[in-house]
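Here is what each chain is made of, one letter per residue.
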Amino acid sequence: MNHFNLIAPINQLGYGITGLNVAKSLSKIGRVSLWTLGNIDCPVNDAKEISCLIKNRDIPNFEAPCVRIWHQNDMSQFVGNGLKIGFPIFELDTFTEIEKIHLSHLDMLFVCSEWAKRVCIENGVVEKHSHHLVKVIPLGVDKDIFQPCESSRKTTVFFNCGKWEIRKGHDLIVKAFNFAFTEDDDVELWMMCDNPFFSDVENKEWEELYLNSPLGSKIKIIPRQPTQKEVYNIMKETDCGVFPARAEGWNLELLEMLSCGKYIIATDYSGHTEFCDDKNSLLIAVEDKEEAFDGKWFHGQGNWAKLSDKDSELMSSMMQSVYINKKSGSLPLNQEGIETAQKFSWQNTAEKIKNAVAT
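Residues numbered from 1 in each chain as written. Predicted model: local features only at pLDDT ≥ 70, side-chain atom pairs only at ≥ 80, totals over all residues. Heavy atoms only, no water.

### Remarks on the overall build of the protein
So, point 1. If you tally the helices and strands in the protein, you get 11 helices and 14 strands.
So, point 2. Against the globule reference of 21 Å for 359 residues, the protein gives a C-alpha radius of gyration of 21 Å, in line with a compact fold.
So, point 3. C-alpha extents for the protein along the principal axes are approximately 65 × 40 × 40 Å.
So, point 4. In the protein, which comprises 359 residues, the share counted as buried stands at 57%.
So, point 5. Partitioning the intrachain contacts of the protein with sequence separation of at least 6 by distance along the chain shows that 69% fall at a separation of at least 24.
So, point 6. Total accessible area on the protein is roughly 15,600 Å²; 50% of this is exposed by carbon and sulfur atoms.
So, point 7. Across the protein, 38 positive and 51 negative side-chain charges occur, with their mean positions spaced 5 Å apart. (Helix = DSSP H or I, 4+ residues; strand = E, 2+ residues; numbered from the N terminus. Rg over C-alpha atoms; globule rule 2.2 N^0.38 Å. Buried < 20%, exposed > 50% of the residue type's maximum accessible area, 1.4 Å probe, protein only. Contact = heavy atoms within 4.5 Å. Areas by Shrake-Rupley, 256 points an atom, 1.4 Å probe, with all protein chains shown as cover. Lys, Arg positive; Asp, Glu negative; His and termini not counted. Charge placed at Lys NZ, Arg CZ, Asp CG, Glu CD.)

Here it is as structure tokens:
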């Protein structure tokens, strides 16, 4: 029988959703002992299963591999004597010295994408001849929740989901939307971007940037939803996801939108290139990178995509194209996106973890 020791957060943020789904999927193919990071926040229907996995740690298998799903600067604590496997989700192309130290002592390193694997090798966290110790383990989407669906609305709705950040291009979306449309256009922009790590004042500043813009009356600020089912209930009433991220570790919401059959506008860079391409998305080419700096979370410790007003204008034209197609009745479900999402299940994630530790 396969045994796994798993250390991960269980909540409704990116790492927590990953931890929840990896824990549930691994438990279908083996015995999982779960150590949680931080407070547990999971849907009621998952609570019993998570409690059982936590209970398993009372009698753990100390020789089993231990997977730690967490930040790359905090990889020192593991359980047992088995393989120490780090599974960080990072956005930049450069690691700090502390991050390199934490990543370099691992027996194996899991990353979400080929882009992330290249970053690890180029930063020297593994020797070039040991690159096989870096395994690409793509994340998944819960297709029982995020099912193909057409919006019931006549209005064309653009959508972004992800906590307020310069990294996610939220400074550009409002510019593009206001440049693309007028008060006479039947469009709306929905932003579900509350940042739990910001103060109320900081969240309010972002909201006012949107609501006080020329087309503020066409913009809705949607509060953070407590479960993925409720996220889906919002996504299904939208037409197009707008994700002009300067850098992403994976971008769960983008993949969820593809699974729903929605159209996508996104940068052709970083983690989401594992599943986002010119067949299923409208891509903003990234010709150069720049120092990652936002004065809050990033202070030049690496690089991300360099985006300009030209890219914002391109995004505007892409949004106009989606609007024109819907208005003319020619905006069917994004079948390429649906087919892509079919390849990325959480069970596939678990199987790849099992196969990786067996080699």
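After presenting the structure, the write-up continues.
### Side note on unusual backbone geometry
So, point 1. Even without being a glycine, Asn251 presents a positive backbone phi close to 85°.
So, point 2. Take Asn251: it is sitting in the loop between strand E10 (240-243) and helix H8 (252-259).
So, point 3. According to the relative accessible area criterion, Asn251 is buried, its value standing at 3%.

### Describing the sheet that holds strand E5 (residues 108-111)
So, point 1. Strand order in this open sheet of 6 strands is E2-E1-E3-E4-E5-E6, and the pairing throughout is parallel. Edge positions in the sheet fall to strand E2 (31-36) and strand E6 (134-136), since each of these pairs with one other strand and no more. Taking each pair of neighbouring strands and ignoring which way they run, the sheet shows an average axis angle of 25°.
So, point 2. Note that strand E3 (residues 66-68) and strand E4 (residues 84-86) share 3 bridges and pair parallel. If you follow Cys66 over to E4, its bridge partner there is Lys84.
So, point 3. Set on the sheet, helix H11 (residues 346-358) makes contact with strand E1 (3-8), E4, E5 and E6; between it and E5 the angle comes to about 160°. (Pairing = 2+ DSSP bridges. Axes fitted to C-alpha atoms, helices over the stretch in contact; angles between N-to-C directions.)

### Things to note about the nonpolar core
So, point 1. Among the nonpolar cores identified, the biggest contains 61 residues, and Leu6 and Phe110 are the most heavily contacted of them.
So, point 2. Examining the composition of this core, we find that 6 residues originate from one element, helix H1 (residues 14-26), more than from any other.
So, point 3. Apart from the residues within four sequence positions on either side, Leu6 is in contact with Gly19, Val22, Ala23, Val32, Ser33, Leu34, Trp35, Val67 and Ile69.
So, point 4. Counting 29 residues, the second largest nonpolar core, distinct from the first, contains Phe158, Leu189, Met315 and Val322. (Core = buried A, V, L, I, M, F, W, Y, C linked by side-chain atoms within 4.5 Å.)

### Things to note about the state of the cysteines
So, point 1. The full count for this structure, using the stated rule, is 0 disulfides.
So, point 2. No disulfide involves Cys66; its nearest neighbouring cysteine sulfur is the one of Cys112, lying 18 Å away.
So, point 3. For Cys66, a relative accessible area of 0% corresponds to the buried category.
So, point 4. Of all cysteine sulfurs in the structure, the one in Cys149 sits closest to Cys260, which takes part in no disulfide; the separation is 4.5 Å. (Disulfide = S-S within 2.5 Å.)

### Observations concerning the side chain of Glu237
So, point 1. For Glu237, the position within the fold is in the loop between helix H7 (228-235) and E10.
So, point 2. Exposure remark for Glu237: the relative accessible area of 17% places this residue in the buried category.
So, point 3. Dropping the residues within four chain positions of it, Glu237 is found in contact with Ser151, Ser152, Arg153, Val157 and Trp190.

### Concerning the environment of Cys149
So, point 1. For Cys149, the location among the structural elements is in the loop between E6 and strand E7 (156-161).
So, point 2. Spatially, the C-alpha atoms of Cys149 and Leu333 are 7.5 Å apart, while their sequence positions differ by 184 residues.
So, point 3. With residues near it in sequence (within four places) discarded, Cys149 still touches Tyr232, Lys236, Cys260, Lys262 and Leu333.

### Focus: the pairing of E2
So, point 1. Note that E1 and E2 share 6 bridges and pair parallel. What sits directly across from His3, in E2, is Arg31.
So, point 2. Between the parallel pair E1 and E2, the chain is carried across by H1, and the sense of this crossover is right-handed. (Right-handed = clockwise from strand over helix to strand, strands pointing away.)

### Here we look at the packing of H1 against helix H2 (residues 44-55)
A pair of packed helices is captured by two measures, namely the crossing angle of their axes and the spacing between those axes.
So, point 1. Between H1 and H2, the shortest axis-to-axis distance is 11 Å and the interhelical angle comes to 70°. The orientation of H1 relative to H2 falls into the category roughly perpendicular. Where H1 abuts H2, its residues Leu20, Ala23 and Lys24 lie against Asp46, Glu49, Ile50 and Leu53. (Parallel < 35°, antiparallel > 145°, perpendicular 65-115°, else oblique.)

The quantities given are spatial measurements derived from coordinates; they are silent on function.
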